[in-house]
Amino acid sequence: MSTSVYSRYRAAFAQALAGALGVPAADIESQVKPAEPAHGDLSFATFPLAKAQKKAPPAIAAQLAQTLQVPGLEVKAVGPYVNARFLPLPFTQEVIDGVRKAGLAYGSDAEDGKGKTVVIDYSSPNIAKPIGFHHIRTTFLGHCIANLYRALGWRVEGINYLGDWGKQFGLVAVGFQEFGKEELREDMAHLVQVYVQANKRAGEDPAFDEKAREFFRRMEAGDPEAMKLWNQFRETSLKGFKRVYARMGIDFEHIEGESRYQGKMDAVIDQIAKKPGVKESQGAIIVDMPYADGEPPVLLKKNDGSTLYATRDLAAAEDRHARFNFDKSLYVVAQDQALHFRQVFRTLKEMGQPWADKCVHVPFGRIHGMSTRKGQVVELDQVLDEAKERVLQRVKENIAQGNLETADADALSEQIGLGAIVFGDLKHNRASDYTFDWDEVTSLEGHTGPYLQYAHARCANVLRRGGGVPTAYDPALLTLPEEQALVRELMRLPDTVKAAAEQYEPSLVARLLLDVAAAYSRYYTAGNKDRDKRILVEGNDAVRAARLALTDATRITLAAGLTLLGIPTPENM
C-alpha cells in the first residue's frame, strides 16, 4: 500500500514523539493534527501529559521540541503545542515528482482495496419515464463514489437498478392500449406522454386504475402477452437511458431491474418465514418482528398477492451477496428512503445473514428551485441542453472578442455545460439540501465547475506558452510563499480521496480542487504585481523550468480530481 507524502511525514512525527515519550506510536498518531498554517503543518497538544508529568504544557512542549529530530521537519514549540513544518526540501520535490509520476492516477492507491468488492446501487430510473433532473444526485454521487473506490483498488460492481416492475408499468401498458400510437411504440418521448395521461386517468377513474393493477398481476403470473409488451417497452426505455448516460460519460457494470427477481420472491418469503417469521395483517403478509410505536411493518405481499419494493430489495440483497460476495453494498438513494433501508437491513439481520452489516444506505438531500426558462420541471437531458446553450453564448462572445480559440465551440460548450451541472451538485455535502441557480452553476467565477475547468485550461495554456513540460527542474528554486502554499494543496489529494471514499462524500474532493485552483490563481496573479514572481519569468531559465514543473503538477492534480468527479477537462477555455 502506497503512503502519501503527508501521511509519511505525519507518521514520522508521531513516531518521534512516541519515542521521546516512551509510548506506542499508535497512541500518539491520532493526536497529531494539522497545525495553524502560520505555525507549521503538524501539531501535537501536550495538555494530556500535564497531570502525569506534573509540568505546565508549555514546558513539556519546549522540552519535546528540543529533543525531537525528524528528517524533513522543522520542529518548534508554540505555547503548549509541538509543531512541525515541512522543510522545503525534500518535501517540494517529493510532492511534485509524485504527482507527475502518477499522472491522472494521482490520488489513487491500487493496493488500498485490493481483493475487496463494493456493490453500488445508483441512478435507478423507472422505465417508460425519462431520467428526470431529480435523478442527478443519485446518478452523479453514485458515479463519483464508484470512481473513488476504483481509484483505491476495489472491484466495483455498479448496478443501475431499474424500476421496471410494479403497477406503474401496468399504467403504461393499459395507457398505451388506450392513448398510444402503434407507429410510436419505440419512441421514448411518446411512452412518457402515455404514462402521464394514464396516471392522470387512473387518479380520476377507479376502474382504469384497477385495469392497470390487473395488468401487473398478469405480469407477475408470467402472462406471455403481458410480458412481451413489457419487454418491448423496457428495451425502448433502455435505448433512451443509454444515450443520456453516454452523454454524461457514465457506464455501469450491470443494468438490471426489479424484474430480475420475479419468480424468486416466494423463496425469500419462505426463508423469512423460518426466521424471524411472517404473519398476516389485514390480508397482507408482513415480517414478524418487533416494531417501534408508529412504525409501519415490513410488507412482503399485498392482500392481492402482489409483491412490494421491500420484497424485491430483500431478494436483490441476497442475490448480490451470492454473486459478488461483497465487502460493502452501497445504496445511493435519497434520504426519504431511510426508513425503508433500515427495515430491509434489519430484516436481513433478523434472518441471520452475517453480511447484513455490510449493507449501507448512502442518503442525500433534495434540490430546490430547478426549472427551465419555460418554468417547468424538466428531464435531465433538457437541463444538460440548457447548460450547453447558456455556455455556448459565452463561448461565442469570447471567440468574437479574441479571448478564445477553439476548433469546436459546440463540443467545448458541451464539456463546460456538463461540468457546471455535475460540480454544481457534487460540491454540496450530500446530506444537505441545496437550491439550484443557473447563474451560479455556469459562472466562470466562484465555486463552480467552469471555474475549475478554467483553472485546468489556464495551467495547460501556461505550459504551452512556456514551451511545454520541463523534463528537469530544481525544486530548491521554489521558495516563494505562494509556491509553498500551492505545493501543500497538491499534497492533499491522496488523503482526500481516501477520506471521500470512506465517508461516501465526493464534496471533500470538490472542495479540495477549489482550494488548489485558488492557490494557483494567487500564485499566477502574484506575477502581475511582481515580474520576478511570474511563472514565465524572463532571464532565468532555471526558475522558469521549476515554476513550469509546479504548474504541470497543478494541472495534473486538477485533471485527476475532476476526472474522479466525472467532469471533462478541456485544455483551452
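Residues numbered from 1 in each chain as written. Predicted model: local features only at pLDDT ≥ 70, side-chain atom pairs only at ≥ 80, totals over all residues. Heavy atoms only, no water.

1. Things to note about the overall build of the protein chain
So, point 1. A tally of regular secondary structure across the protein chain gives 21 helices and 14 strands.
So, point 2. By principal-axis analysis of the C-alpha atoms, the protein chain measures approximately 85 × 70 × 35 Å.
So, point 3. In the protein chain, which comprises 573 residues, the share counted as buried stands at 53%.
So, point 4. Contacts in the protein chain between residues far apart in sequence, at least 24 positions, make up 73% of those at least 6 positions apart.
So, point 5. Between the mean site of the 70 positive side-chain charges and the mean site of the 75 negative ones, the protein chain shows a separation of 3 Å. (Helix = DSSP H or I, 4+ residues; strand = E, 2+ residues; numbered from the N terminus. Buried < 20%, exposed > 50% of the residue type's maximum accessible area, 1.4 Å probe, protein only. Contact = heavy atoms within 4.5 Å. Lys, Arg positive; Asp, Glu negative; His and termini not counted. Charge placed at Lys NZ, Arg CZ, Asp CG, Glu CD.)

2. Focus: the sheet that holds strand S9 (residues 284-287)
So, point 1. Taking strand neighbours across the sheet as the criterion, the three strands line up as S8-S9-S10 in an open arrangement whose pairing is antiparallel. The two strands at the open ends of the sheet, each matched to only one other strand, are strand S8 (278-281) and strand S10 (299-301). For this sheet, the mean angle separating the axes of adjacent strands, direction not counted, is 40 degrees.
So, point 2. Looking at chain direction, S8 and S9 are connected through four bridges and run antiparallel. Paired with Glu 280 across the bridge in S9 is Ile 285.
So, point 3. Across the sheet, helix H11 (residues 265-274) lies against S8, S9 and S10, angled at about 130 degrees from S10, the strand it touches most. (Pairing = 2+ DSSP bridges. Axes fitted to C-alpha atoms, helices over the stretch in contact; angles between N-to-C directions.)

3. Description of the side chain of Thr 557
So, point 1. On the secondary structure map, Thr 557 appears in helix H21 (residues 541-565).
So, point 2. Setting aside chain neighbours within four positions, we find Thr 557 in contact with Val 99, Tyr 106, Leu 490, Leu 493, Leu 513 and Val 516.

4. Details of the side chain of Glu 258
So, point 1. Mapped onto the elements of the fold, Glu 258 is located in the loop between strand S7 (254-257) and H11.
So, point 2. Of the residues examined, Glu 258 reaches a relative accessible area of 6% and is grouped as buried.
So, point 3. Not counting residues within four places of it along the chain, the set of residues in contact with Glu 258 comprises Tyr 161, Leu 162, Gly 163, Asp 164, Trp 165, Tyr 309 and Arg 312.

5. Here's the deal with the sheet that holds strand S1 (residues 32-34)
So, point 1. Pairing is antiparallel in the open sheet, where four strands are placed in the order S1-S2-S4-S3. Only two strands of the sheet have a single neighbouring strand rather than two, namely S1 and strand S3 (73-78). The mean angle between the axes of side-by-side strands here comes to 30 degrees, regardless of whether they run parallel or antiparallel.
So, point 2. The sheet contact formed by S1 and strand S2 (residues 42-45) spans three bridges and is antiparallel. Looking across to S2, one finds that Val 32 is bridged to Phe 44.
So, point 3. Of the strands in this sheet, S1, S2, S3 and strand S4 (81-86) are in contact with helix H1 (residues 5-21), which crosses S2 at around 30 degrees.

6. Remarks on the pattern of salt bridges
So, point 1. Scanning the model with the defined rule gives 45 salt bridges in all.
So, point 2. Ionic pairing is found between Asp 552 and Arg 100, a salt bridge with its closest N-O pair at 3.0 Å. On the criterion of sequence distance, the pair formed by Asp 552 in helix H21 and Arg 100 in helix H5 (residues 88-102) is long-range, its members being 452 residues apart.
So, point 3. Asp 552 gets classed as buried once you look at its relative accessible area, which sits at 4%. (Salt bridge = Lys/Arg side-chain N within 4 Å of Asp/Glu carboxyl O.)

7. Overview of the packing of aromatic side chains
So, point 1. With the rule as written, the count across this model stands at 23 aromatic pairs.
So, point 2. Taken together, a centroid distance of 5.7 Å and an interplanar angle of 90 degrees make the contact between Phe 326 and Trp 355 edge-to-face. Residue Phe 326 is found in the loop between helix H12 (309-324) and strand S11 (328-332), and its partner Trp 355 is found in the loop between helix H13 (338-350) and strand S12 (359-362); the two are separated by 29 residues along the sequence.
So, point 3. When its relative accessible area of 5% is taken as the criterion, Trp 355 is described as buried.
So, point 4. Geometrically, the ring pair formed by Tyr 520 and Tyr 523 is edge-to-face, given 6.1 Å between the ring centres and 80 degrees between the ring planes. Pair noted here: Tyr 520 and Tyr 523 are both in helix H20 (residues 507-529), with a separation of three residues, about one helical turn.
So, point 5. Taking relative accessible area as the criterion, Tyr 523 reaches 1% and is therefore assigned buried. (Phe/Tyr/Trp six-rings, centres within 6.5 Å; stacked < 30°, edge-to-face > 60°.)

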